[in-house]
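Descriptive analysis of the structure
The chain contents come next:
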Amino acid sequence: MGLLRYTVYRFIQAIPVLIGISILTFVLANLTPGDPVRLMLQGVEADQEMIEQVEARYGLDRPMHERYLDYMAGLVQGDMGHSFHRNRPVSELIASRIGPTLLLVLSAYAFALVTSIPLGILAAKRRNEPFDHVSRIVALLGVSTPSFWIGIMLILIFAVQLGWLPSADLVYPWWSPEAYGHDGYVEHLVETIRHLLLPMIALGTLQMATLMRVERTQMIESLQGEYVKLARAYGVPERTIMRKHAFQVAQLPIITIVGLNLSTALGGAVLIEFVFNINGLGRLFYDAIVQLDYQLIMGITMIIATMFVIGVIITDIAYAYIDPRVTYGEAE
Amino acid sequence: MAVGESQVGSGSEPETKELQAGWRNTLRKVMQDTTARWGLYVITFVLAITAYTLVDGNLSRLTFGNVSDFAMAETLPIFEHPERLPPPGEAETNVPPAFHPDGTLEHPLGTDPNGRDYFTRIVYGAQVSVSVGLAATFLGLVGGTIIGSVAGYYGGWVDDVLMRAIETVYAIPPLILIIVFTVFVSGGSPDVQFAIVGVGIAFIPVFARIIRSEVLSVREMDYIEAARAAGVKDRNIILYHVIPNSFAPVLVYATLQIGVTILIVAGLSFLGFGAQPPTPDWGEMLQTSHGYMHSNVWLSIWPGVAIMITIMGFNLFGDGLQDALDPRIND
Amino acid sequence: MSSEPLLRVENLKTQFFTDAGTVRAVDGISFEVHEGEIVGLVGESGAGKSVASMSLLRLVENPGEIVGGEITYRGETIFGLEEGPDGELREREDMLSNEEVRTRIRGNEIAVIFQDPMESLNPVFTVGGQLREFIELNRDLSSGEAREEAVDMLREVGIPDPEERYDEYPHQFSGGMRQRVLIAMALACEPNLIIADEPTTALDVTVEGQIIDLVDDLQEKYGTSFVWVTHDMGVVAEICDRVNVMYLGEIVEQAPVDELFYDTKHPYTEALLDSIPRPDRTVGELDPIEGVMPEAISPPSGCRFHPRCPDAREVCQRVHPETKPVAVADGEPHRAACVKHDAFDVGYDESVPLEKEPQTSSESETDAAVSPEPAETNGGGESE
């Protein structure tokens, strides 16, 4: 089947999973022992009348499966419910906050890829030499260190002590420079990057370390392949072997891993947005949880899970496209 | 790396002997590997500390309930009470570490904003991270093994249904899933017990997948066929033949997963959904220190270092284990 | 064929320096290849044949190293050492540099065909692309010309629809087809010598037959010389002109093919031939060679085959036989490394026969028979 058909096929396949996610989230959100309304109204002055109003509004007096179907019905029409504490539709809230999160996650990815791949290749080429050992230690540190702590340390060093970079917030490139008081687009861009640098590194380090290790392993394996020996035997220069013969085969599993890592990255975004006070989806999620804002929590969880599912589909399709051995009939 | 062919039989004796030989061999190889050895040292160190703190702070710690008062305090003179707040007026808050001009040797790492000795808190912070890390990984492993082996062995619709369920759980990023679970199940007052279960559940899919793929390949082996032909019950086949032979890569993964678990738990506590004060926990301590970033820089450093060292231990060991078990990527 | 040989190998020694010790994989072998002939290099797994063939192109990698001997190709020194002023061995002046070996020798003068066509072709490049790349590199052709050559060569080796198949990937070819592609690669570069390292081991018998026929035809047509590495005596019989039998890093017998089969001079070769099951004979039981070939780290004393040799005598434990001419056939010397021949004057006849101790080797099977039946694909030549 062609690429297009395969794409459609994968998306259709994803639907049961998405439905499953909605059920799971719904069940989780309703697992609370005790009165959910009381919990949600914690910290809010509420009398019996208000409680009943809220119950009616959220249909909490009706059985779960009915509520679920209601919710799904609304979902299909784009209505994700209503945030109690912010008094706005969930979908609106999510839409307004998704930009910063995407900016953060994508730049973290960019950082990770740009650093890990060359370093991994170099480490493979200089296997067992000092460079290799150092890079392996760095990678080990990278996967062993909490991202939020890296963020805190970076802030301490670069913002608090040295004052070079800002310690919080992001500048959104899609807003106008004037909104920030920036002098033209160049300053706007510079400021965007300055604000993005620390959170990007904090979130991306784990990815970078993981990818670097994989890249190294993949290159080593690839360089030991028979096809590399054959190329050498036919006089192919070493540089070409590195760049072309060994490299391209080695990248394939990386694509898949990048997709799967999106899960960790999205979770990490919650932490990083907290540390850097970024107004993204992750921060919204945290606030919603603290306030036990049911529908908001559900909405965000579903959106994030959906983002992950879509991300994986994209990388799988990319993989299927790039690896000539994969025919589009395969489901996994 | 499956153990070699075993004899057909209802019992597990011939299997076990070969298995044991396999394990002993592996153990030897592991100990020869520098990376693994160092990892093991670090792990042992951390585990020893954890064990001490658990035992010392009366065993009711194990239930992770809120213990307001417990016996320890004076057992080892280097430790102070990690939870008890000093009496008001006597608190020396935010004292810097000993190497700082304003520090004292009495508090080698200084004190926290409440005046409690930071060194003690760091040491005792190992409890939550390590125990939750181990317990949750174990939970995930057991759950994942059951689901994965059943799915892999029976195949068909059982496999389909289980794998769909697994995929669904897997689709939600772990931290988010765990937070939602912990907060809701606990009725708004999250604590460590819920965290353990939550993390365990979140990691079932990972293990289930690995076990399942191992089982799928082991299932085709002749000795399974033979066992079945000899009339061995399915359950016994799975327990005594399939699982032991699928286990090696899983062990490596489990070790590395402990590191991941500790990371997640740290994040959980950092956001306030894990261990609750006054229980000392590295993640939770980092949250406090985040608020004091401008006034007391030191608070933020030590818990992170502690987390890093602990996780590194497990990762080193896991890496070494992997090298020992996978002869191809030999350096 | 008394003209100057195309390739001359003299006392080649290649060793691997491992933690477990120094593996003397190739321990002083000498042979020649003349123009237009196919020379076989036979032996069991681990005998050192693959290492030897890789050494010819200086393709031995860490921790391996060619430590001695001389390899001469058409008068040029591919490898040669001399004693430096400090007494240490160093590379000779006239020895080709790495760069020269890479650009001048590999591919355009000497080409290789590897054993496993599945692994030898890069899975993410088209077959045609890989072929074209090698042609472009080793012959003075432009990209377009190289492409044409590639297609022609594919046709030549018997791949149908070469134009279409040029753009296909290795996984779309069958094993036999892939091997044909490797042959095409080798021939397309127009080398004078092709080193074929067990090219048919991974193929099943019928396909093997086709490939051998193909090589025969092409060899007649192009006059290329071959070094044919194999463990299969049947293949040797079919295709080789002269044969070198290797055991544990040494050549133990060297003769024209007919001579080797009908007037075998070395007990190892005899044992090899005896161990092959023959379809035209019914026997009570098979006749394997007892024991296993030991590792090349610490070879047995004296004659390396003596622990397994049915003709071994006491003197065989002490004396290490060189490969000496023990007969002449058609003006070609027939060499063997066995002291029982008169050419060696060490008192073999007076010596006491050795008691055979059963070889105990934990892992491998005791049946070291070399059979013409292609074993499982992971059977042959990989441990070299």
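Residues numbered from 1 in each chain as written. Chains lettered and ligands numbered in written order. Predicted model: local features only at pLDDT ≥ 70, side-chain atom pairs only at ≥ 80, totals over all residues.

All right, on to the overall build of chain A then. Along chain A, the regular secondary structure elements total 14 helices and two strands. Dimensions of chain A, computed from C-alpha atoms along their principal axes, come out at roughly 85 × 55 × 40 Å. When the 332 residues of chain A are sorted by exposure, 43% land in the buried category. For chain A, restricting intrachain contacts to residue pairs at least 6 apart in sequence, the fraction spanning at least 24 positions comes to 74%. (Helix = DSSP H or I, 4+ residues; strand = E, 2+ residues; numbered from the N terminus. Buried ≥ 20, exposed ≤ 12 C-beta atoms within 10 Å, placed from the backbone. Contact = placed C-beta atoms within 7 Å.)

The next thing to look at is helix α11 (residues 238–260) of chain A. All names here are of chain A. Relative to the 33 Å expected for 23 residues at 1.5 Å per residue, α11 spans 33 Å between its end C-alpha atoms, a close match to the ideal helical length. Along its length, α11 shows its largest kink, about 50°, at Phe247. Within α11, the full set of buried residues consists of His245, Ala246, Phe247, Val249, Ala250, Val258 and Gly259. Elements that come into contact with the buried residues of α11 comprise α5 (90–125), α9 (184–223), α10 (226–233), α12 (262–275) and α14 (294–322). (Expected span 1.5 Å × (residues − 1). Bend = angle between axes of the 7 residues up to and from the residue.)

Before going further, it helps to spend a moment on the sheet that holds strand β5 (residues 76–83) of chain C. All names here are of chain C. Taking strand neighbours across the sheet as the criterion, the five strands line up as β2-β1-β4-β5-β6 in an open arrangement whose pairing is antiparallel. The open sheet is flanked by β2 (21–33) and β6 (89–91), the only strands paired with a single partner. In this sheet, adjacent strand axes meet at a mean angle of 25° when their direction is disregarded. Relative to β2, strand β1 (residues 7–18) runs antiparallel, the two sharing nine bridges. Paired with Arg8 across the two strands is Glu32, which belongs to β2. Contacting β1, β2 and β4 (64–73), helix α1 (residues 49–56) runs over the sheet at an angle of about 65° to β2. (Pairing = 2+ DSSP bridges. Axes fitted to C-alpha atoms, helices over the stretch in contact; angles between N-to-C directions.)

Residue and element names in this part refer to chain C. With a phi angle near 55°, Asn11 is a residue other than glycine that sits in the positive phi range. According to the C-beta neighbour criterion, Asn11 is exposed, with 12 such atoms within 10 Å. Positioned with a positive phi, Arg74 is a non-glycine residue whose angle comes to about 50°. For Arg74, the position within the fold is in the loop between β4 and β5.

Now for the UniProt feature "domain: ABC transporter" (unreviewed entry) in chain C. Per the UniProt record, the feature "domain: ABC transporter" (unreviewed entry) sits at residues 7–273 of chain C. From the first C-alpha to the last, residues 7–273 of chain C spans 28 Å; its make-up is 38% helix and 30% strand. (UniProt positions renumbered as here; feature names shortened; annotations may be inferred.)

Another aspect to go through is the sheet that holds strand β8 (residues 193–197) of chain C. Residue and element names in this part refer to chain C. Strand order in the open sheet made by the eight strands is β7-β8-β9-β3-β10-β11-β13-β12, with mixed pairing throughout. Edge positions in the sheet fall to β7 (110–113) and β12 (324–329), since each of these pairs with one other strand and no more. Shown here is a sheet whose adjacent strand axes are inclined to one another by a mean of 20°, direction ignored. The pairing of β12 with strand β13 (residues 332–336) spans five bridges and is antiparallel. Bridge pairing in β13 links Ala329 to Glu332.

Residue and element names in this part refer to chain B. Looking at where Gly198 falls in the secondary structure, it is placed in helix α6 (residues 192–202). As for Gly198 and Thr182, which are separated by 16 residues in sequence, their C-alpha atoms are 6.1 Å apart. The residues contacting Gly198, other than those within four sequence positions of it, are Ile178, Phe181 and Thr182.

What follows covers the pairing of strand β11 (residues 250–256) of chain C. All names here are of chain C. The buried fraction of β11 amounts to six of the seven residues, a majority that puts the element mostly inside the structure. Here strand β10 (residues 242–247) runs beside β11; their pairing, made up of six bridges, is antiparallel. Residue pairing in the sheet places Met246 in a bridge with Ile251 of β11. Count of turn residues in the β10/β11 antiparallel hairpin: two residues, of which Leu248 carries a positive phi of about 50°. As paired elements, β11 and β13 share two bridges and run antiparallel to each other. Paired with Gln254 across the strands is Arg335, a residue of β13.

The end-to-end C-alpha distance of helix α1 (residues 3–29) of chain A, which contains 27 residues, comes to 38 Å, matching closely the 39 Å that a straight helix rising 1.5 Å per residue would cover. Along its length, α1(A) reaches its greatest deviation from straightness, about 30°, at A:Ile15, and the proline A:Pro16 lies no more than four positions downstream. All of the buried residues along α1(A) are A:Tyr6, A:Ile21, A:Ser22, A:Leu24, A:Thr25, A:Phe26 and A:Leu28. Among the structural elements, α4 (64–76) and α14 of chain A together with α4 (156–171) and α5 (174–185) of chain B are those in contact with the buried residues of α1(A).

Next up on the list: the UniProt feature "domain: ABC transmembrane type-1" (unreviewed entry) in chain A. UniProt marks residues 98–319 of chain A with the feature "domain: ABC transmembrane type-1" (unreviewed entry), using the numbering shown here. Helix makes up 83% of residues 98–319 of chain A and strand 0%, and the two end C-alpha atoms of the span are 27 Å apart.

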